[in-house]
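Chains, contacts and geometry: an overview
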Amino acid sequence: MNATVDDVTIVGGGDVGLLTALAVRRLNPSVDVSVVDDFQQEIPQVGKSTYREIQTILHGSLGIDEPRFVSEVKPIWKASVYFRDWCDSPAFQYPFDPPDKYPDADTPNAVEHYYHHYAELYDSPDHLTKCEQLVAQGKSPWYYGPNGDLDRYDKVAYHLDTQRFNAFLRELCRERGVSLIDDEIVAVETTGSRVDRVRSKQQSYEADLFVDATGFNRVLRREQDAAFRDFGFPLDAALNVRVPLSLDDVVPATVIETGDHGWFWQIDTYDDRDLGYVFGSEYADDEAALAEFREFVASVAPDGVDPDVSAEDVDRYEFSSGYYERAWVDNCLAIGNAQGFVEPLQSTALTANASLAVQFANLLSSHGRVADDALRDAFNASVARTWESIHDFVGVHYEYASGDTAFWEDVQSAVGSPRTARIADEFDRYGYDWTVDTADASDLAALKIFALPDFYTVMRNMGATSEFYESHDFDVSEEVVRERDEFYENVREDVERNHLTVKQLYRGVMDF
């Protein structure tokens, strides 16, 4: 059914629902946008970590003033994902500036640079990009430029306190004319796949277009006939707790360690150190998972903080891994966890869904708000590419992992895909040169969010080899070695000399 969208009702006032409302309203200012939710409910505490695109979305697409955002939300800047202990591999980082590790395609004798990185530099603690140095030195991306003005290295993401972030988004929605309706939806009325109206105990709501942003409750989506692609990841539960944190102790990275039945996270925010354990409930019951989690909490709690957490302190969440093959069905679009989810590794959910919200709003705007099958098909294809790309990138972390528990033995074979096998084959044949134009590259061209340099950075640090480099012993000139050494040393000195710590920024410069 084709219709012009003049009003949109979003069910669910979490971060993704509010971001969707802001995107639709900003790019389609004549559309009436409402968000219906029980706003008295406690805001969930998970989902604070993002990846680099969040900067462009918030401060570009949504036009959110950065100084105000920093002042009210008080983010911590995230420079990488730091795998402090991943299946007993040496510690490594996945930074947000991996291309800085590799030469430009037109660099003379580029193979010397590639080979030198492959053989010597990929795991060197002395050859770190700026993002990696920010983490190693505990610095923020902020610095004073040559003219004395405060400036920022922009290849970073955010750690967010969810309560601060959600409150900020609510305020922004009100300022921009989005109606926030404090109500609880208890029924959905449909005709076939079309949503006619949604109802609370007191009243009903109609709209040209509904958006399901109700998370894993999937209040609207479960009333529609839509196929679900199950990724089959054996992770389906998470434990979460927060402990006090001083700005002196902030680590500007999402820190990852592996456990017996999954993996742990550490996300430092302005207020707390957020800790979690993502695990497979088939492999560990709640008692065993909690015991393992408590050991992790005790090992990473800041000095002076009581690390002993009880079962009552810990929140437990469940999730499914996969996505609906059609995000937009008739007059109802599902977004956020209502539409799909992979798992929390690499912190993709919030940023990916914010990006999809902007894409959706752009499609409406650029097509005169006419919602036809072509528009739905275009958006659904973009959503599928997003989840498949995330699935593949997360999957390589497990394909190259190792472990002797049942979980780690099973997970390696549960997450692979034909595309990750193809990526490994490309690395094997061509090494780090991802610019090779092959006749059968359509599947690689479909990658979204994460590109080949991202895959290669993670894979190499986890032990992947390239037959191209293994079978050829390239000579690396002293000039290349010297240039690389000088480049990385300049980066180290720049961060050490110029960049502010988070505490210096918030307590000294901004005086919060």
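Look up: the structure comes first, before these words.
Residues numbered from 1 in each chain as written. Predicted model: local features only at pLDDT ≥ 70, side-chain atom pairs only at ≥ 80, totals over all residues. Heavy atoms only, no water.

Here the focus is the overall build of the protein chain. Counting its secondary structure elements, the protein chain contains 16 helices and 25 strands. Its C-alpha atoms give the protein chain a radius of gyration of 23 Å, near enough to 24 Å, the size a compact globule of 512 residues would have. When the backbone C-alpha atoms are referred to their principal axes, the protein chain occupies close to 75 × 55 × 55 Å. Taking all 512 residues of the protein chain together, the buried fraction comes to 56%. The contacts in the protein chain between residues at least 6 apart in sequence include a share of 77% that link residues at least 24 apart. One finds the centroid of the 44 positive side-chain charges in the protein chain at a distance of 7 Å from the centroid of its 95 negative side-chain charges. (Helix = DSSP H or I, 4+ residues; strand = E, 2+ residues; numbered from the N terminus. Rg over C-alpha atoms; globule rule 2.2 N^0.38 Å. Buried < 20%, exposed > 50% of the residue type's maximum accessible area, 1.4 Å probe, protein only. Contact = heavy atoms within 4.5 Å. Lys, Arg positive; Asp, Glu negative; His and termini not counted. Charge placed at Lys NZ, Arg CZ, Asp CG, Glu CD.)

What the rule picks out here adds up to 47 aromatic pairs. Summarising the aromatic geometry, the rings of Phe216 and Phe341 are spaced 5.7 Å apart at their centres and angled 90 degrees between planes, so their arrangement reads as edge-to-face. With Phe216 in the loop between strand S14 (209-212) and strand S15 (228-230) and Phe341 in strand S24 (residues 340-341), this pair connects stretches of sequence that are 125 residues apart. On the basis of relative accessibility, which here comes to 29%, the residue Phe216 falls in the partly exposed class. Counting every residue linked through ring pairs, the aromatic cluster contains Tyr102, Tyr114, Tyr115, Tyr118, Phe427, Tyr432, Trp434, Tyr456, Phe468, Tyr469 and Phe474. In this structure, Arg460 packs its charged tip against the face of Tyr118, placed 3.9 Å from the ring centre. In this arrangement the basic side chain of Arg484 is found over the ring face of Phe487, its NZ or CZ atom lying 4.5 Å from the centre. (Phe/Tyr/Trp six-rings, centres within 6.5 Å; stacked < 30°, edge-to-face > 60°. Lys NZ or Arg CZ within 6 Å of the ring centre and 35° of its normal.)

Scanning all chains against the criterion turns up two cavities of 30 Å³ or more. Considering only enclosed or pocket space, the largest cavity measures out at about 70 Å³ in volume. Around the largest cavity, the lining comprises eleven residues; the ones closest to its centre are Ala3, Arg194, Asp208, Asn331 and Ala371. The residue makeup of the lining of the largest cavity, split by class, is six nonpolar, one polar and four charged. The computed volume of the second largest cavity comes to approximately 30 Å³. Forming the walls of the second largest cavity are Lys101, Tyr102, His117, Tyr122, Tyr432, Tyr456, Thr457, Arg460 and Asn461. Of all the elements, helix H13 (residues 452-461) adds the most residues to the lining of the second largest cavity, at four residues. (1 Å grid on protein atoms, 1.4 Å probe; cavity = no way out; pocket = protein on both sides within 12 Å on 5 of 7 lines; lining within 4 Å. Points joined across faces, edges and corners; volume = space filled by probe spheres on them. Nonpolar A, V, L, I, M, F, W, Y, C, P; charged D, E, K, R; others polar.)

The next thing to look at is the sheet that holds strand S19 (residues 272-279). The strands making up a sheet associate through hydrogen bonds between their backbones, and the pairing can be parallel or antiparallel. With mixed pairing, seven strands are arranged side by side in an open sheet as S6-S5-S17-S18-S19-S16-S20. With one partner strand each, in any of the chains shown, strand S6 (92-95) and strand S20 (315-318) form the two edges of the open sheet. Across the sheet, the mean angle separating the axes of adjacent strands is 20 degrees when strand polarity is ignored. Sheet analysis places strand S16 (residues 237-244) next to S20, joined by four bridges and oriented antiparallel. Note that in S20 the partner of Leu239 across the bridge is Arg316. (Pairing = 2+ DSSP bridges. Axes fitted to C-alpha atoms, helices over the stretch in contact; angles between N-to-C directions.)

Now for unusual backbone geometry. Its identity as a non-glycine residue notwithstanding, Lys74 has a phi of 55 degrees, on the positive side. The topology assignment puts Lys74 in the loop between helix H3 (66-73) and strand S4 (76-78). Phi at Arg218 is positive, roughly 50 degrees, even though this residue is not glycine. Topologically, Arg218 is positioned in the loop between S14 and S15.

Evaluated as defined, the whole model comprises zero disulfides. In this model Cys173 remains outside any disulfide bridge; the closest cysteine sulfur is found in Cys332, 19 Å from its own. (Disulfide = S-S within 2.5 Å.)

Quick look at the side chain of Thr348 now. As for its position among the elements, Thr348 is in the loop between S24 and helix H8 (349-366). Of the residues examined, Thr348 reaches a relative accessible area of 3% and is grouped as buried. Those residues in contact with Thr348 that sit more than four places away from it in its chain are Tyr51, Glu343, Ile390 and Phe450.

Counting residues in each nonpolar core, the largest one holds 128 residues, and the members touching the most others are Trp86 and Tyr398. For Tyr398, the contacting residues outside a window of four places in its chain are Trp86, Phe233, Leu235, Trp263, Glu343, Leu345, Trp408, Val411, Gln412 and Val415. Of all hydrophobic cores here, the second largest spans 18 residues; its members include Ala284, Phe293, Val300 and Val314. (Core = buried A, V, L, I, M, F, W, Y, C linked by side-chain atoms within 4.5 Å.)

Taking 1.5 Å of rise per residue, 21 residues should cover 30 Å, and helix H15 (residues 478-498) covers 29 Å from first to last C-alpha, within 8% of that figure. Where H15 is concerned, the buried positions are Val480, Arg484, Tyr488, Val491, Asp494 and Val495. Down the axis of H15, the sector holding all buried residues measures 115 degrees, keeping them to one side. Of the residues in H15, the exposed ones pointing more than 90 degrees away from the buried face are Glu478, Glu479 and Arg497. Turning to H15, the residues buried within the fold contact helix H4 (110-121) and helix H5 (130-137). (Expected span 1.5 Å × (residues − 1). Arc of directions from axis to C-beta.)

Turning next to the layout of surface pockets. Within this model, the second largest pocket holds a volume of roughly 280 Å³. Surrounding the second largest pocket, 17 residues form its lining, Ala91, Phe92, Gln93, Pro125 and Leu128 being those nearest its centre. Here the lining of the second largest pocket takes three residues from H5, the largest share from any one element. Taken together, the residues that form the lining of the second largest pocket break down as ten nonpolar, four polar and three charged.

Glancing now at the environment of Ala79. Structurally, the position occupied by Ala79 is in the loop between S4 and strand S5 (80-85). For the pair Ala79 and Leu363, spaced 284 residues apart in sequence, the C-alpha separation works out to 31 Å. What Ala79 contacts, discounting residues up to four positions off in sequence, is Pro95, Phe96, Cys131, Leu134, Val135, Val156 and Pro252.

Let us now look at a nonpolar patch on the surface. Among the surface-exposed residues, Tyr144, Leu150 and Val509 lie close enough to one another that they form a single nonpolar patch of about 230 Å² accessible area. By the element assignment, Leu150 lies in strand S8 (residues 150-152). Classification of Leu150 as partly exposed rests on a relative accessible area of 30%. (Patch = residues over 30% accessible without salt bridge, like charges linked within 9 Å, V, L, I, M, F, W, Y side chains within 5 Å. Areas by Shrake-Rupley, 256 points an atom, 1.4 Å probe, with all protein chains shown as cover. Salt bridge = Lys/Arg side-chain N within 4 Å of Asp/Glu carboxyl O.)

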